[in-house]
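Residue-level structure breakdown
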Amino acid sequence: MSLDPVLAVEDLWVELGPLDLLRGVSLSVAAGQVAGLVGESGAGKSMIGRSILGLLPTGARVSQGSIRFRGRELVGLPIRAHRDLLGRGMTLIPQDPMTSLNPVHRIGRHMLDVLRLRMGLDRTTARTRALALLDEVHIRDPEAVLMRYPHELSGGMRQRVLIAMAFACEPALIVADEPTTALDVTVQRQILRLIKELQVHHGTAILFVTHDLGVVAKICDTVTVLHSGRVLEQGPVADALGAPQHAYTQALLAATPRYDRPADTLHPVPAPLTEALRVEATALRRGG
Amino acid sequence: MAELGIDRLPGRQGVWVALCGNARVWGGGGVVGLFALIALFAPVLAPQDPLWQDLMLYQMPPAWLPGSEPGYWLGTDSLGRDLLSRLIHGTQVALIVAVVAAGAAGALGVLLGLMAGYFGGWVDALISRLIDVWVAFPPVLLSIVLVAVLGAGLHSVIIAIAVIDWTRFARVVRAEVLVQKEQDYVASAVTIGLGRWRILFGEVLPNVAPLVLVLFTMEMAIAVIVETILSFVGLSVASDRPTWGGMIAEGRQVIYEAPWMMLMPIGCLIALVLALNALGDGLKTALDPVLRR
Ligand SMILES: Nc1ncnc2c1ncn2[C@@H]1O[C@H](COP(=O)(O)OP(=O)(O)OP(=O)(O)O)[C@@H](O)[C@H]1O
Ligand SMILES: [Mg+2]
């Protein structure tokens, strides 16, 4: 990869009070590529996404490390400047389409807001663009959907709306935080296909957060395996999943269903292994 | 492709269904509505001038007791003034105070609660300390002192209630905003590019509104009671304007000869306060599942 990466995270530490949530994470996303980020619940996947977007929860802060977006350092950037990057520079496809749209506003309001505030479009142009975007995410009858309240749409529909909103400003980078976890299986597959389709079409770089290695194999170019806030394995998908170096990745693979591996032959990740990794991680110290 | 269809989930109508299906909302709301109509049309509804004295007809019993005087449905007081007309005009005072005072307390409390919850940091520290100090004062004492300083009158009563009770709104709203601001839709709003005040008032406030409505209803009940207490001790409106508290004070002097004189304003007070509390309670249960959806 000769191109400069769109996003380069280096030795990132994030703390919340006395707790280290991320312990020296490094990863990069190249232009036009999908970088997978896997790990069990609580590994810190969302924290990485939130650090990049400048949306860390109250109390959490970056204590060390660097996040470079298109060559620009984001750590230490004033919050205003960071927020100005959202929308056209980088944006988010959230995990839960149920809670990510404000229940009191119609879909149209959400879409027009992003197009007017981030793209500077006037009302009528924004409306036309919103309809085109909804069409692009294969929503039938976009006119009617604009008039709906979020709870009047199914989860899959809402996720399509959020995907349309993410691609609305043609961002260079999208953080997709488990965008299919809250959906049921058949819908998951359609949403995955949709994201991949739009990603290829727009040439967007995506940091794709998931806990499903099957999904990684399907749509990612590279993968980072995270546990207790640190990276255990990293590389192109073919290498990392074809010949995993770390015992944890091997265990994860053995726990992932596949067409040639019936469910009853799957082994859950052994508890002693995760426990040992957790202890190892807590022993890590910042600095250097 | 079921997910491409639009689910027929109850929308805004769902809220109305929930509200209408709730007996307390119906009952409480009905009684409160009745009082509101009486207050609104007091001059038309009152059969007599509430201030007109007929000293020949003092302490007349209500129509259903022996010795009553036709035309005076609820009898007269010690100065021969029509009790029904005085109750009706007293209702007007009670409801004006309830709505304006609860509105003022709500406006102040919601604004400060929103800011404390959303901005956090020193803004929150400052407002929270202020609330702590405020609730440490005994409210009845504080209200009497305030009204004494401001001078008796309707406006003083209203200011006193607002100044004392804004903390009820501020505390609850602050706590709810702390929950709301971690919600994903707030992160989405930031990503969309909405500013802090726009998010606070356009995104968070509408989600807190049902809660504020409940608090407002409850606060109206408190305001009615406080107004009655203050007019009972003669610190509310000028003494020539009929109030429930004033009527209770007058009735107390003749409680053995004419007990109805005191019982009727007390009955009105209890009915209105119970109705407001029932309405608030009903709204709370009816709106809650909507809030959490
Ligand atoms: N708002 C918060 N306050 C305190 N701790 C938090 C908060 N959010 C997350 N954490 C903690 O930070 C750690 C990492 O959380 P994170 O949400 O990044 O995990 P994740 O890998 O995204 O998990 P999941 O798959 O469940 O989304 C967890 O141990 C979690 O308990
Ligand atoms: Mg997460």
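Residues numbered from 1 in each chain as written. Chains lettered and ligands numbered in written order. Predicted model: local features only at pLDDT ≥ 70, side-chain atom pairs only at ≥ 80, totals over all residues. Heavy atoms only, no water.

1. Quick word on the packing of helix α6 (residues 139-150) of chain B against helix α7 (residues 154-180) of chain B
When two helices pack together, their arrangement is given by the angle between their axes and by how far apart the axes lie. Residues and elements named next belong to chain B. Cut-off, in case you're wondering: Geometry is summarised by axes, namely lines fitted to C-alpha atoms with helices restricted to the contacting stretch, and by angles between N-to-C directions that run from 0 to 180 degrees. Numbered from the N terminus, helices here are DSSP runs of H or I no shorter than four residues, and strands are runs of E no shorter than two. Any angle from 65 to 115 degrees is called roughly perpendicular, while one under 35 is roughly parallel, one over 145 is roughly antiparallel, and all others are oblique. Helix crossings fall into two classes, left-handed where the near helix is turned counterclockwise from the far one by less than a right angle and right-handed where it is turned clockwise. Residues are treated as being in contact if the distance between any of their heavy atoms lies within 4.5 Å. Residue polarity follows a fixed list, in which Ala, Val, Leu, Ile, Met, Phe, Trp, Tyr, Cys and Pro are nonpolar, Asp, Glu, Lys and Arg are charged, and the others, Gly among them, are polar.
Their axes nearest at 9 Å, the elements α6 and α7 cross at an angle of 140 degrees. Considered as vectors, α6 and α7 are oriented oblique to each other. In this structure, the crossing between α6 and α7 has a hand that is right-handed. Packed against α6, whose contacting residues are Pro-139, Leu-142, Ser-143, Leu-146, Val-147 and Leu-150, the element α7 presents His-155, Ser-156, Val-157, Ile-159, Ala-160, Val-163 and Ile-164 at the interface. When the residues that make up the contact of α6 with α7 are grouped by side-chain class, the tally is 10 nonpolar, three polar and no charged.

2. Some remarks on the pattern of salt bridges
Test applied: Note on definitions: salt bridges are taken to be side-chain nitrogens of Lys or Arg within 4 Å of carboxyl oxygens of Asp or Glu.
Using the criterion set out here, one finds 20 salt bridges over all chains in the structure. Across the salt bridge formed by A:Arg61 and A:Glu15, the nearest N and O atoms sit 3.1 Å from each other. Highlighted residues: A:Arg61 in strand β4 (residues 60-69) and A:Glu15 in strand β1 (residues 7-16), separated in sequence by 46 residues. Here B:Arg129 makes a salt bridge to B:Asp132, at a shortest N to O gap of 3.3 Å. Taken together, the residues B:Arg129 and B:Asp132, both in helix α5 (residues 121-136) and three residues apart, mark about one turn of the helix.

3. Some thoughts on the pairing of strand β9 (residues 222-227) of chain A
The side chains of a regular strand alternate, residue by residue, between the two faces of the sheet. Residue and element names in this part refer to chain A. Our working definition: Exposure classes here rest on a 1.4 Å probe applied to the protein chains alone. A residue is buried below 20% of its type maximum, exposed above 50%, and partly exposed in between. Whether two strands pair depends on DSSP finding at least two bridges between them.
Counting buried residues along β9, five of its six residues qualify, which places the element largely inside the surrounding structure. Judged from the four bridges that link them, strand β3 (residues 34-38) and β9 form a sheet pairing that is parallel. Within β9, the residue paired with Val-38 across the bridge is Val-225. As paired strands, β9 and strand β10 (residues 230-236) are joined by six bridges and run antiparallel to one another. Its bridge partner being in β10, Val-225 is matched across the sheet by Glu-233. Between β9 and β10, which pair antiparallel in sequence order, lie two residues; one of them, Ser-228, sits at a positive phi of approximately 50 degrees.

4. Examining the pairing of strand β2 (residues 19-29) of chain A
All names here are of chain A. In this structure, β1 lies alongside β2, joined through eight bridges in antiparallel fashion. Bridging across to β2, Leu-7 finds its partner in Val-29. As consecutive antiparallel partners, β1 and β2 are separated by two residues, and within that stretch Gly-17 has a phi angle of approximately 60 degrees, a positive value.

5. Thoughts on the packing of aromatic side chains
Residue and element names in this part refer to chain B. Definition in use: The pairing test for Phe, Tyr and Trp rings, Trp by its six-membered ring, is centres within 6.5 Å, and the orientation test on the planes gives stacked under 30 degrees, edge-to-face over 60, and tilted for anything in between.
Enumeration over the complete set of coordinates arrives at five aromatic pairs over all chains. Aromatic side chains Tyr-118 and Phe-119 sit 5.9 Å apart centroid to centroid with 65 degrees between the ring planes, which places their arrangement in the edge-to-face category. Each member of the pair, Tyr-118 together with Phe-119, is buried. Arranged with centres 5.1 Å apart and planes meeting at 75 degrees, the rings of Phe-119 and Trp-197 form a pair that is edge-to-face. Linking Phe-119 in helix α4 (residues 83-119) with Trp-197 in helix α9 (residues 196-232), this pair joins segments that are 78 residues apart in sequence. Since its relative accessible area comes to 17%, Phe-119 is described here as buried.

6. Points about the nonpolar core
Heads up, the condition is: Nonpolar core, defined: a set of buried Ala, Val, Leu, Ile, Met, Phe, Trp, Tyr and Cys residues in which side-chain atoms within 4.5 Å join the residues together.
Ranked by size, the top nonpolar core spans 119 residues in total, and within it A:Met111 and A:Phe208 carry the most contacts. One finds B:Met247, B:Trp260, B:Val273 and B:Leu279 within the second-largest nonpolar core, a separate group that totals 33 residues.

7. Focus on the confidence of the model for chain B
Residues and elements named next belong to chain B. The test is simple: A score between 0 and 100, pLDDT records how confident the predictor is in each residue.
Per-residue confidence for chain B gives a mean pLDDT of 86; residues scoring 70 or more make up 91%. Of all the helices and strands in chain B, helix α1 (residues 12-20) carries the lowest mean pLDDT, 66, while α4 carries the highest, 95. Note that residues 1-10 has pLDDT below 50 and, in this model, 26 contacts with residues that lie over four places away or in other chains. The ipTM value of the predicted complex is 0.83, and its pTM value is 0.82.

8. Overview of the interface of chain B and chain A
Just so we agree on the cut-off: Two parts lose some accessible area (1.4 Å probe) when they are put together, and adding that loss for both gives the buried area.
At the junction of the two partners, chain B supplies 28 residues and chain A supplies 37 residues. Summing both sides of the interface, chain B and chain A together bury roughly 2800 Å²; the carbon and sulfur share of this comes to 52%. Inspection of the region where chain B meets chain A yields two salt bridges. In this structure, the salt-bridge partner of B:Glu203 is A:Arg109, at a minimum N-O distance of 3.9 Å. Looking at the side of chain B that touches chain A, the elements that each hand over two or more residues are α8 (184-192) and α9 of chain B. At seven residues, α8(B) tops the list of elements feeding residues into the side of chain B that touches chain A. Looking at side-chain class alone, the side of chain B that touches chain A contains 11 nonpolar, seven polar and 10 charged residues.

9. A few points about the site of ligand 1
Residues and elements named next belong to chain A. Convention followed: Nearness here has a simple test: a residue counts as near a molecule or strand if at least one of its heavy atoms is within 4 Å of that partner. The term polar contact refers here to a pair of N or O atoms within 3.5 Å; inside protein, the definition further demands a hydrogen-donor-capable atom paired with an acceptor-capable atom, and it admits residues adjacent in sequence only when both atoms are side-chain atoms.
Around ligand 1, 13 residues are found, and the nearest of them are Ser-41, Gly-42, Lys-45, Ser-46 and Glu-178. Here Ser-41 contributes a side-chain N or O atom positioned 2.5 Å from an oxygen atom of ligand 1. Contact between ligand 1 and Met-47: an oxygen atom at 3.0 Å from a main-chain N or O atom of the residue. Here the shell around ligand 1 gets three residues from one element, more than from any other, and that element is helix α1 (residues 45-53). When grouped by side-chain class, the residues that make up the shell around ligand 1 number five nonpolar, five polar and three charged.

10. Concerning a nonpolar patch on the surface
Residues and elements named next belong to chain B. So the rule is basically this: What goes into a patch is any residue over 30% in relative accessible area without a salt bridge, connected to like charges within 9 Å or, for nonpolar side chains (Val, Leu, Ile, Met, Phe, Trp, Tyr), within 5 Å. Reported accessibility uses the Shrake-Rupley method at a 1.4 Å probe radius. Residues are deemed covered only where the shown protein chains occlude them.
Together, Leu-37, Leu-40, Phe-41, Val-44 and Leu-45 make up an exposed nonpolar region whose accessible area comes to about 520 Å². When contributions to the nonpolar patch are tallied by element, the ones reaching two or more residues are α2 (23-40) and α3 (42-45). One can find Val-44 in helix α3. Residue classification places Val-44 among the exposed residues on the basis of a relative accessible area of 67%.

11. What about helix α6 (residues 155-167) of chain A?
Quick reminder of the rule: Helix span, expected: 1.5 Å multiplied by one less than the number of residues in the helix.
Taking 1.5 Å of rise per residue, 13 residues should cover 18 Å, and α6(A) covers 18 Å from first to last C-alpha, within 8% of that figure. Among the 13 residues of α6(A), 13 are classified as buried, and the element is accordingly described as predominantly covered.

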